[in-house]
Each structure stands twice: as C-alpha cells, then as structure tokens.
Amino acid sequence: MTRDFAKKAWWGGARRWAVLALLGAGCKAGTCGSGASGSGPLSEQERRGLPGVIAFVSERAPQKDVWWVRPATGEQTQLTRGPEDEYPGAPSPDGASLVVVAAAEIQGLHVEQLRLAPLDGGPVVMLAPPRGRARNPSWSPDGSWFVAESDAQSFSDVVRQAPRADAEVTRLTQAPEGNFEPSVSPDGTQVAFASSRTGDPEIYVMKADGTDVRRLTFFHKEDMAPKWSPDGKWISFVSDREGRVRVFVVKPDGTDVKAVSGSQQTGEEREPVWSPDGKKLAFVGRAKDQKARIWVADMAGGEPVALTDGKSTDDQPEWSPDGKYLAFASERTGDVELFLMRADGSGQTQLTSTKGADWLPRWFVPKTLPPAGQGTGRAEGT
Amino acid sequence: MHPFRKPLATLAAALALAACGPQEPAPTQTPAATEDSRTPAQREAERTPYQLDQAFAKAGADFGVPAELLKAISYTETRWEMIQGQVEFEGVPAAFGLMALRGEKLSEGARLAGVAEEAVRTQPEANIRAAAALLSSYANELKLDRADVGAWAPAAAKYSGIDNAEAQAQYIHQNVYDVMRKGAVAQTPAGDLAVSLMPTQAQAKFPAPGVVRSMSADYAPAIWRPSPNYNSRPAGTDVSMIVIHTCEGSYSSCWSWLTNSASGVSAHYVVNESGSEISQLVLESNRGWHVGASYDCSLNGSVMCGLNGTSVNNFSVGIEHGGSASQTSFPAGQIDASAKLSCDITQGQGIVRDSYHIVAHGRLQPASRTDPGPNWPWSTYISKIQGYCGGGSTGSIIIDSNQANNDTSKGYVEVTGTSWVSSTNVAGYYGSGYYASPTAAVSEPVTFYFYLPAAATKTIDAWWTSATDRSTTAPFIITNSSGTRLATVNVNQQINGGRWNTLGTWSFPAGWNKVQLSRWTTAGYQVIADAVQVR
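Section: the overall build of chain A
Secondary structure assignment for chain A yields 3 helices and 28 strands. Burial status across chain A gives 56% buried among its 382 residues. Taking the contacts inside chain A whose residues are at least 6 apart along the sequence as the reference set, 42% of them involve residues at least 24 apart.

Here we look at the sheet that holds strand S7 (residues 125-126) of chain A
All names here are of chain A. Taken together, the 4 strands give an open sheet; going across it, the order is S4-S5-S6-S7, and neighbouring strands pair in antiparallel fashion. Of all strands in the sheet, those with a lone pairing partner are strand S4 (85-91) and S7, marking the two edges. Bridge analysis of S4 against strand S5 (residues 97-106) gives 5 bridges, and the strand direction is antiparallel. Residue Glu86 lies in a different strand from S5, and its bridge partner there is Ala102.

Section: the confidence of the model for chain B
Detailed conclusions should not be drawn from predicted coordinates in areas where pLDDT is low. Residue and element names in this part refer to chain B. Here chain B shows a mean pLDDT of 85. Residues at 70 or above account for 85%. Taken element by element, chain B is modelled with least confidence in helix H1 (residues 11-20), mean pLDDT 34, and with most confidence in strand S23 (residues 526-529), mean pLDDT 98. Listed scores for the predicted complex are pTM 0.82 and ipTM 0.83.

Digging into the environment of A:Val305
Here A:Val305 is to be found in strand S23 (residues 305-306). Each C-alpha atom, one on A:Val305 and one on A:Thr368, is 35 Å from the other, the two residues being 63 residues apart in sequence.

Section: helix H7 (residues 124-142) of chain B
Compared with the 27 Å implied by 1.5 Å per residue over 19 residues, the 27 Å span of H7(B) between its first and last C-alpha is a close match. Summarising burial for H7(B): 14 of the 19 residues are buried, a large majority.

A word on unusual backbone geometry
At A:Asp166, a position not held by glycine, the phi torsion is positive, near 60°. Within the element layout of this structure, A:Asp166 appears in the loop between strand S10 (157-161) and strand S11 (170-171).

Description of the sheet that holds strand S11 (residues 316-321) of chain B
Residues and elements named next belong to chain B. One open sheet holds the 6 strands; their spatial order is S5-S9-S8-S11-S7-S12, and the pairing between them is mixed. Edge positions in the sheet fall to strand S5 (223-224) and strand S12 (358-360), since each has one partner strand and no second. Strand direction decides the pairing type here: strand S8 (residues 269-271) and strand S9 (residues 278-280), joined by 3 bridges, are antiparallel. The partner of Tyr269 across the bridge, within S9, is Gln280. Against the sheet, helix H10 (residues 251-258) makes contact with S8, S9 and S11, and its axis sits at roughly 170° relative to S8, the strand it touches most.

What about the environment of B:Phe508?
Position of B:Phe508 relative to the elements: it lies in strand S21 (residues 501-508). The spatial distance from the C-alpha of B:Phe508 to the C-alpha of B:Gln493 is 26 Å, given a sequence separation of 15 residues.

Basis of the calculations
Residues numbered from 1 in each chain as written. Chains lettered and ligands numbered in written order. Predicted model: local features only at pLDDT ≥ 70, side-chain atom pairs only at ≥ 80, totals over all residues. Helix = DSSP H or I, 4+ residues; strand = E, 2+ residues; numbered from the N terminus. Buried ≥ 20, exposed ≤ 12 C-beta atoms within 10 Å, placed from the backbone. Contact = placed C-beta atoms within 7 Å. Pairing = 2+ DSSP bridges. pLDDT = per-residue confidence, 0-100. Expected span 1.5 Å × (residues − 1). Axes fitted to C-alpha atoms, helices over the stretch in contact; angles between N-to-C directions.

Printed below as a string of structure tokens:
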C-alpha cells in the first residue's frame, strides 16, 4: 500500500518535474500547492538530511499513545504506554523530554494530567495530580518552568510550575470566567493568554509572575489561542470577528493587528504555527464546500500561498526545526497519516502508514538522539 | 456499478408530495454563510445520495415486511442517512447505516439476510435487507398479521431496543407511524428521488403514550423524565460549562437509556431531532453522569486513582441530541431548540456564552482531529445562544470602523472624503483598527448607521484611541432616521481611549439612525472614528 502510493506519486512527479525543468520554472507563488502535490516525494538522500524527531499521537491501539518518528528514516518508537489517551504537548527547550497530556474517564469523570516523558525512556514524571483540566503547556526558554491551563483552584486558570513532581504551583490568573491557552514570550518575561473575563474571550499579556496584565484585543466576538512568534515581534490569534474564523497577528504592545490571509479566499482558518525564525505563519484554511488545506503567510507581506491542493483534508502543520520543511496530518490515503513536505509545498511524502490515525505532529531536535531500534520502533513509510 | 442508479418514474409524484408536506420544520434561519454555504435543501439532499425506493421495495417483498414500515423506521432512526455511528454510552453498541443497526441485532440481521456484516455496515442495500430480515423474524415470533401494517408496531418497538414503555410508545406513535401518516420524501443531490414514503392511514396497534407529564423545574418547555443516574455536586460548585453531545441514536431511545438505572449514565437534557421536544432527566443543581464511562484505575499502577480537586462533571450541564455525530447536517429546528435551552441554562447558572464554556463532548479532550466537530454548526449555535440571550434587537448594536466586522443588516460604517486613514498605530482600538483624519473646516464625516426595528430610547457610546495629537473637541453628531439632528457632542479624544465613552441618551424612531464623527473643529488635530455602541 505504502510502496504503491510512493511509486505512483513518484512517477507522476517525475514527469511534472521534467516539464518544470524545461520551462525553467520553479514553484511559482500561488500555484505551488496544486503543482506541488504531484511533484513527487523527497528523495532518500534528501530525507536522510531531515533533522530531529517528530512526536505524534497514534490511534493504532484502542487508546491514543504518543510515538515519535525520525523523519530521516521513518523509524518509529513508542513513547507512552498508559491505558489513558496521551497527547504530545510541548517538547522541553533542551529536547530531552516531552510534556504529555494524558486524558481519561474515571468513574464518570473526565480527567487530565500533565506528565514529563524523557525521550531516553527514563521514568515518566507526574507533574501534578490528575484533574479536570491540565492542558496547553508552554515552556520558559531556559526550561526551568512552564505554564499551563489548570482547574486546580477554579474553572480554568493559567498556572506556572517547575517541571518536576511535587513542584509548587503558582496561580498566575484570578478571573473566575476562565483563562486559557497560555504562550510564553521567547525571552521568558511575559505570558500571552486568552480570558473570558469581560464576557467573551480576548487576548491578554501579563508578566511571567502574573502581574501587569494588559489587554491586547477589544471586540465582542471571540479572540482565542494566542501564540508568541519565536522572534518575539508578534502574537498570533484566531478570531471570528468578521463572521468567519481567521488568523490574526498583533504586536505585543497591541498595535498593528491584521489578518494574515489578506484577501485570499482561505475560508475558515485555524491552527496557526510560527516558522522557527518567526517570519512565516503556516495555518489551515477550509473554504466553502472544500476540504482543509495548509497555507503559509509571509509576515513581510503578500498573499498567503496554499501548500496542499485540497483534494483531501490536510491538517495540523508543524515546521521542522530548521524551517525548511513542514510535517502535517493528511487523510489522502483514507486513513489519517503524517506527511512531510518542503516549506514551499513540494516534495509531499508519506511518513507514517500504520492503520489507525497518526496526527498532531511536534517536530524538534532531541537532546540526544535515542538509540535506533529501541522498543517497538520499526521503519515505515519509506 | 452503483446499485441505486435505477431511474424512477415517480419524481413528479414525489415533488407534489414534497410541496404538500415536508416533515421537518422549515429552517427558521439560514446558518452563517461562511460556515456552511449549502442551502438547507442541499444539506438535506446530501444525507441520501442514493435512489433507495427499489431497495426498500425489494427487501420488503423478499422478507414479507411492509416497505413503508422499513422506510418509516429508517427515517426515524437516521432520516435516511448511511450513518457510521460511534459508541456514546457504554453498553450501547454503535449504530450503522440507514436502519441504525447495532451490535447483536446487526449480526443477527446479517445472518438472517445472508449478507456479510461488513456489507451491512457500509452498503445501503445490505443494511436494509438485514433490517428487513430481522423484522421478519420478529413478526414470526410475535405471530403478527403481516398484511396489517398497524400490527407491526410491536415488532418495530422490539427493533428499537427501547425498554421504557413511554419511550416505546413515543417511538411508535410519534415517530414511526407519524411519518407513515404524514409521508416524507428525499432527493439526491442530483435532484433524483432518493426515498418516497407516501402518506397512509396507518394506525399503530400499540398502547398510547401516557398523557400525564410533569414539567421540568429548570426549563419550562422541557418534559421532566427523572433519571436515577446522578448525584450531588460538591458544595460550592460553580456551574460554568455546557457540554454538547449526540445520542448516537434516536431521541426516544436516548432518554429511555439515560433514565434506565442499568445504564449508569445520564445527561441533564435530551433534545429531539426536530427540536419539538426536550426532556430533562437531571436537575441542573445535581451532577449528571454524562461525561464518561467506567474506568479501572488499577490498570495503570493506580496513577489516575485518588482524584482530588474539581472535575468537568462537577461543573457542567450536559445536553444530548437525538442523532449521530457522523450525520452530514443537523436539523435547524434542533439547533434552534437547543440554543434556546442553552441560553436559559447560561442565564440560570451564570455561564459565559463563548466557545470556552459551551463545548462539544470531544472538546473535553486536550486535542481533537474534528475540531470542534465536523458537522455541528458551532458558530451558528453560539451566536444563536447569544441572540436568544439578549443580542439582536433587544440588546446592543456595535458598529465598527472595519466593515468586515459589522453585521450590515444591523449596522454599517460609511466613510466620506479621502482624508480618513485606516490605522492600528495606537493600541486600545476596538476590533481591527480605526480611522483617523486631520481636523479641517469641512465635515466629511465617518457615519455609523444603526437599524432599529421599532422606536426606542438608546444610549450611544463611542470608542477611540487617545494620544496627544487628538482633538479635544471631536464632534459627534447624532441624527435620527427622519433626518432630524438630535445633538452634537464634542469629546476630548486626548483622554479616555480604549474604552466606551457615553455620548448621551436619545429617543430614536424606527429605521436607520446614525452617529457621525465630523472633521469640522479646531484645526491642527486628529479626530478618531473607531466604533460606536447603541444600547
């Protein structure tokens, strides 16, 4: 199945490349997506140069587990084995471990727990007791603390703690209407978050100790999911202020708000993710009566470019640590699998192929690359 | 070859029928175009992209079951859609196909019809045949008169899997036989006839539903059908969330199961498919067991045992909806009824009306692939709740300087002249920016129009961003829909930026009234047109 898929795509792509070569054309802006999908997978040689590992959630077992895959080889290793559903959260800044969000139903209660899973297979650290809400972790740049959503003392607050068991947990927000989706600034001095304290969600920024709360957005619809750009210049968020959900950016001082997709017909937008240099924003757009596509917007200006062709649902883009590639989840084989592509949309390559959905990629450079062939890992999707 | 591509000669008859009596209430409001641009008719057509009358007729003839009964059961269960169900409640297997066959019934039907179980799950014809074979076996068992469609009611009740007598009666009289009496028709997206159920005089030979009903204490329109599956919320719990579920089955079977002590689950409310009926099963002040199933915490070295703190169940109200999460659309009437209910719950419990507080069951997971659910119209739903809870004509209207942010049926902005510059330079603006213009001896205003369906006394607020270059005498002119100037209010825009500032309260007639910000004041400054609120 995988082999057939790869072969077919490669032959189609070879012809297309030949035509492009004759025309002397590269991947032209705006047309890249549709052309790129058929441009053939990455060569073995190019694959071998891909950095790091990609953690993801897999539904190959009855419960969801976190696995990681080396994009260079396709080799997969299971990271978590709990009976709960486990999702990859944020990798630690040093790449030694991953915050995992575990979720389960216990005696009729939905519970979540943040855990720290070392990539070297060491013991998993329970970061806090299980509770109704423990999600959206975001690390300080030095890895000495992280923030997350917690309902330990309220409906939902932003809390801060050190990444170890029994650490003291500091509540950074107080609004009973709820505080959500914290994102630490790249210099570690501030935290952006959403809060419903005025009756609808707005974007706020506070100092990393919870003081000096500043409101960045003012509108009677929903502004949600702030994410700080890696260069610290922007905060992205999603808003339905125009009657459809769009990705916006705003400077951390509240000026210069703008929708990133300009006048491009992207449809409902979601899941913005910053390139490592902060210059580009990849996101998912689903236009009327169409399937979700992956788009990329350049912060320097211009219209966004579609990287996938919309023939199947493509979702959850994630940049490679060097910003040259993207991983994403796609339904194009009938199952949900992880794919890779160059940052211009070319070279789309299937990465996983196990029955059961593989999704939510988190691409990072591990502190030390775990030994090959460990655990139940096996090569796939080559 | 597609098995359901046979031409049908009765399209004209079907269309005539469609004109005289569709069964679903007409959608009361078109959902937001950006969310789903299909027309209600298109959405409905996509449910049944097959021509199925012949398959129903053949299965009926082959197994000695009235074809109209098969069609009526299918309509009741799935509105003629090939659903791929999920397990919503432990102990109730997922339902599949047009006939919503599940678990052992699916296996038994497949065996009796001589078709593969996988085919029953995925192929319309096999699904109908398995259901027909199963109903035929019930007819033998119950020794009923096959020629009398009304006599089939006990077989249909057995087919439903519903235990509760009142729910059975409701399923039979108000769903299966009701649609037989009224008739129904569906078209394929190509406009061909998908299924036609001609109206008949069928009368179910089955006990009628009880007439004594107690009303809900929390929500007057709901019927009180108490479930034993609840307990008290912990003292001091603030109810702060509404969790939206789908039953993965019909309304009647849903409330029946959730009021059965054997199920061990419940929800506070169940809304039926058309939105015409709501059951309340658990008081909002108590804790329903709508989130979750059993879990053996010892499986994981007891890591998840010994919970402390709060939980979603403690502080949420759960609403179930008749239907399946896999269905391609939800009836407008159901969304409407549910939004009214949610509005009432948020008012009673002081719940914030946004998508952090009104969430899909799936959103309780920290991450989702169907975010927040493929076909439930979330934006429409949340705005309907806001609308029922005081938005619209009775609530405030906000007109933003960015037209894309306006609902132009209620308010819009108009810019005169070429001097107004769109800006985001000073923080604290409303929405996505503001207009700035140098003061000058010319009006060239920015006009904020707002519509009032009836005469009303309203307070007007204005929003601007403050800076030292702003005018201290920015002139806001209030004019009513008959063109009468009601007032000019001069404001100091060097202060009070980034918030609503009251201009005054006036009586307005119905129609398009307006608030204008003119450039005509002391020269050498900027005037800032950002947003106007009418409340």
